[in-house]
There are 2 protein chains.
Amino acid sequence: MNQQYPSVLLEKAVGEFAKLPGIGRKTAMRLVLHLLRQDTATVEAFSSAISTLKKEVKYCKVCHNISDTDVCRICSNPSRDVSTVCVVENIRDVMAVENTQQYRGLYHVLGGVISPMDGIGPSDLEIESLVNRVKEGTVKEVILALSSTMEGDTTNFYIFRKLASCDVKITVIARGISIGDELQYTDEVTLGRSIVNRVAFTGTL
Amino acid sequence: MNQQYPSVLLEKAVGEFAKLPGIGRKTAMRLVLHLLRQDTATVEAFSSAISTLKKEVKYCKVCHNISDTDVCRICSNPSRDVSTVCVVENIRDVMAVENTQQYRGLYHVLGGVISPMDGIGPSDLEIESLVNRVKEGTVKEVILALSSTMEGDTTNFYIFRKLASCDVKITVIARGISIGDELQYTDEVTLGRSIVNRVAFTGTL
């Protein structure tokens, strides 16, 4: 539908919103009209928060997580365990692991997983820097916490081979049935793997 | 869930997006990370399109539609019929009527409908300016094209009474079953009204 916009400025703003993933022109129009109803200061705050973020955001030199400083809050926190590094795909995964409050080590953000279909090879990811980081000698354990997909598994294996010559323990996060899941609804592959990889029962979860 | 953001700038940008209607913090995060992956020029274009819109947009002096100029494209178009004014709630409704390509008259954007529940009275809407416009004498017909809701009907009736002393024809857009609808699925009120307000069959739709 070739809609006639009453204003070029409006059309431009709607067009920009509609470029965002999962936002069509109708939703974009709704959001823009919502912003138009707000006062100038509110709209200015919205607009500048985004442009400031893009201009001033940094990525941690050590783990490549998003940060306001050269070295991120996690890497510069003296109470974190520097001997353990958890390898994740992206910033959201760091936040997901942090939210569990079960992990006190550091992270390494790859920036994705190896995916030939999308044209992403090992050189597009922060794998080289991970290897260098491990070679420095402080890291005793590398935890692979990538998605349980073909691409994630491929990347796990690639990193495993790259680190083979280093004196470091390589582990992978446990895979099995989710807490609270009923067996009858669990998919066969997960259930099958969770039987093969069963662990000793210790009386606690 | 009290999420720990790795960056204050990121948290701010996510917070601003999450203020938009229908966008939660998870979606906001997804959109912000999408923008972060774009180059600086793209993000700048997004941010400035919104702030420019808010700063520079005008509302037509005559019909109160959104516009880049003091008098909008429709009002200043000499080929439009100045004797007919279609009263609508908002800018989106102007666009909806324009898209039908069935109307060649002018508009009057009220800015909403009378809704005591939301604290919107007649003085919050552009009703006074509509009455003044009609009193100038050029307008021969006022078409009420508001939502078919209690609030829309109330507003219709209010405008009807306000214009009672003026020499102007007041019409309301036809209500009945939608084109393509099957009778069995039409709600009773609509079907009942469409029988009461039946029109002469002319052989064409």
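What you are looking at is a predicted structure, and each value in this text was computed from that prediction instead of being measured.

Asks: I'd like a description of the relation of the copies chain B and chain A, backed by residues and values.
Replies: Overlaying chain B with chain A gives an RMSD of 0.1 Å, the required rotation being 180° about an axis along which the chain moves by 0.0 Å. On this basis, the relationship between the two copies can be described by a two-fold rotation axis. When C-alpha distances to the rotation axis are compared across chain B, the minimum falls at B:Ser47, with a value of 2.4 Å. Comparing contact sets, 100% of the residues at the interface of chain B also lie at the interface in chain A, consistent with an isologous, same-surface contact.

Asks: I'd like a rundown of the packing of helix α1 (residues 8-18) of chain B against helix α2 (residues 25-37) of chain B, residues and numbers included.
Replies: All names here are of chain B. Contact pair α1 / α2: the axes reach a minimum separation of 8 Å and the direction vectors enclose 120°. Classified by the angle between their axes, α1 and α2 sit oblique to one another. The hand of the α1/α2 crossing is right-handed. Touching Leu10, Glu11, Ala13, Val14, Gly15, Phe17 and Ala18 of α1 are Arg25, Ala28, Met29, Leu31, Val32, Leu33, Leu35 and Leu36, all from α2. Tallied by class, residues from the contact of α1 with α2 come to 12 nonpolar, one polar and two charged.

Asks: Describe in detail the nonpolar core, supporting the description with residues and values.
Replies: By size, the foremost hydrophobic cluster in this structure holds 46 residues, and its most contacted members are A:Leu10, A:Phe17, A:Phe46, B:Leu10, B:Phe17 and B:Phe46. Mapped onto this core, the elements with two or more residues apiece are α1 (8-18), α2 (25-37), α3 (40-56) and α4 (91-100) of chain A together with α1, α2, α3 (40-56) and α4 (91-100) of chain B. Ignoring any residue separated from it by four or fewer positions in sequence, one finds A:Phe46 in contact with A:Phe17, A:Leu35, B:Glu16, B:Phe17, B:Leu20, B:Phe46 and B:Ile50.

Asks: Describe a positive patch on the surface, listing the residues and the values that go with them.
Replies: Together, A:Lys26, A:Arg30, A:Arg37 and B:Arg92 line one region of the surface with positive charge. Among the elements that take part in the positive patch, α2(A) stands out by supplying three residues, more than any other. Considering the arrangement of structural elements, one finds A:Arg37 in helix α2.

Asks: Before we move on, could you go through the pairing of strand β3 (residues 81-88) of chain B and cite the residues and values that matter?
Replies: Within a regular strand, side chains alternate between the sheet's two faces. Residues and elements named next belong to chain B. In this sheet, strand β4 (residues 105-109) lies alongside β3 in parallel orientation, the contact comprising five bridges. Counted as the bridge partner of Cys86 is Tyr107 from β4. As a crossover connection, the stretch from β3 through α4 into β4 is right-handed. By the bridge criterion, four bridges tie β3 to strand β5 (residues 141-144) in an arrangement that is parallel. Bridge pairing in β5 links Thr84 to Glu141.

Asks: Could you give an account of the UniProt feature "zinc finger region: C4-type" (unreviewed entry) in chain A, with specific residues and numbers?
Replies: Mapped onto this numbering, the UniProt entry gives "zinc finger region: C4-type" (unreviewed entry) at residues 60-75 of chain A. In residues 60-75 of chain A, helix accounts for 0% and strand for 12%; the two terminal C-alpha atoms are 8 Å from one another.

Asks: Quick rundown of the side chain of B:Glu89? Include the residues and the values.
Replies: Residue and element names in this part refer to chain B. As for its placement among the helices and strands, Glu89 is situated in the loop between β3 and α4. The buried charged residue Glu89 lacks any salt bridge, with Arg175 as its nearest oppositely charged partner at 8.4 Å. Here Glu89 is in contact with Val109, Leu110, Gly111, Gly112, Val113, Leu146 and Ser147, once residues within four sequence places are set aside.

Asks: I'd like a rundown of the interface of chain B and chain A, residues and numbers included.
Replies: Contact with chain B, which involves 54 residues of that partner, is made by 54 residues of chain A. In this assembly, chain B packs against chain A so that about 5,200 Å² is buried in total across both faces, 69% of it on carbon and sulfur atoms. At the surface where chain B touches chain A, the tally comes to zero salt bridges. Within the residue set of the side of chain B that touches chain A, elements represented by two or more residues are α1, α2, α3, β2 (66-67) and α4 of chain B. The greatest single-element share of the side of chain B that touches chain A, amounting to 15 residues, is contributed by α3(B). Residues of the side of chain B that touches chain A, tallied by class, amount to 28 nonpolar, 14 polar and 12 charged.

Asks: Any details on the UniProt feature "domain: Toprim" (unreviewed entry) in chain A? Residues and values, ideally.
Replies: Per the UniProt record, "domain: Toprim" (unreviewed entry) is found at residues 83-178 of chain A. Annotated as 33% helix and 20% strand, the span residues 83-178 of chain A places its first and last C-alpha atoms 28 Å apart.

Asks: Before we move on, could you go through the sheet that holds β3(B) and cite the residues and values that matter?
Replies: Where strands meet in a sheet, backbone hydrogen bonds hold them as pairs that are either parallel or antiparallel. Residues and elements named next belong to chain B. The four strands lie next to each other as β4-β3-β5-β6, forming an open sheet whose pairing is parallel. Strands with a single pairing partner mark the edges of an open sheet, and in this sheet they are β4 and β6 (169-172). Neighbour-to-neighbour, the strand axes of this sheet turn through a mean angle of 25°, independent of strand direction. Contacting β3 and β4, α4 crosses the sheet at an angle of about 160° to β4. In the packing of helix α5 (residues 127-135) onto the sheet, the strands contacted are β3, β4 and β5, and the crossing angle to β4 comes to about 150°.

Asks: Lay out the packing of aromatic side chains with the relevant residues and their values.
Replies: Applying the stated criterion across every chain, the model contains nine aromatic pairs over all chains. With 6.1 Å between their ring centres and 20° between their planes, A:Phe17 and A:Phe46 make a pair best called stacked. Here A:Phe46 lies in helix α3 and A:Phe17 lies in helix α1, a separation of 29 residues in the sequence. The interplanar angle of 65° and the centroid separation of 5.1 Å between the aromatic rings of A:Phe46 and B:Phe17 together place this pair among those described as edge-to-face. Residue A:Phe46 is located in helix α3, and its partner B:Phe17 is located in helix α1; the two belong to separate chains. Take A:Phe46: its relative accessible area is 2%, and that puts it in the buried class. Feature note: the residues A:Phe17, A:Phe46, B:Phe17 and B:Phe46 constitute an aromatic cluster, connected by ring pairs.

Basis of the calculations
Residues numbered from 1 in each chain as written. Chains lettered and ligands numbered in written order. Predicted model: local features only at pLDDT ≥ 70, side-chain atom pairs only at ≥ 80, totals over all residues. Heavy atoms only, no water. Least-squares fit on C-alpha atoms with pLDDT ≥ 70 in both. Contact = heavy atoms within 4.5 Å. Axes fitted to C-alpha atoms, helices over the stretch in contact; angles between N-to-C directions. Helix = DSSP H or I, 4+ residues; strand = E, 2+ residues; numbered from the N terminus. Parallel < 35°, antiparallel > 145°, perpendicular 65-115°, else oblique. Left-handed = near helix turned anticlockwise from the far one by under 90°. Nonpolar A, V, L, I, M, F, W, Y, C, P; charged D, E, K, R; others polar. Core = buried A, V, L, I, M, F, W, Y, C linked by side-chain atoms within 4.5 Å. Buried < 20%, exposed > 50% of the residue type's maximum accessible area, 1.4 Å probe, protein only. Patch = residues over 30% accessible without salt bridge, like charges linked within 9 Å, V, L, I, M, F, W, Y side chains within 5 Å. Areas by Shrake-Rupley, 256 points an atom, 1.4 Å probe, with all protein chains shown as cover. Salt bridge = Lys/Arg side-chain N within 4 Å of Asp/Glu carboxyl O. Lys, Arg positive; Asp, Glu negative; His and termini not counted. Charge placed at Lys NZ, Arg CZ, Asp CG, Glu CD. Pairing = 2+ DSSP bridges. Right-handed = clockwise from strand over helix to strand, strands pointing away. UniProt positions renumbered as here; feature names shortened; annotations may be inferred. Buried area = accessible area lost by both parts, 1.4 Å probe. Phe/Tyr/Trp six-rings, centres within 6.5 Å; stacked < 30°, edge-to-face > 60°.

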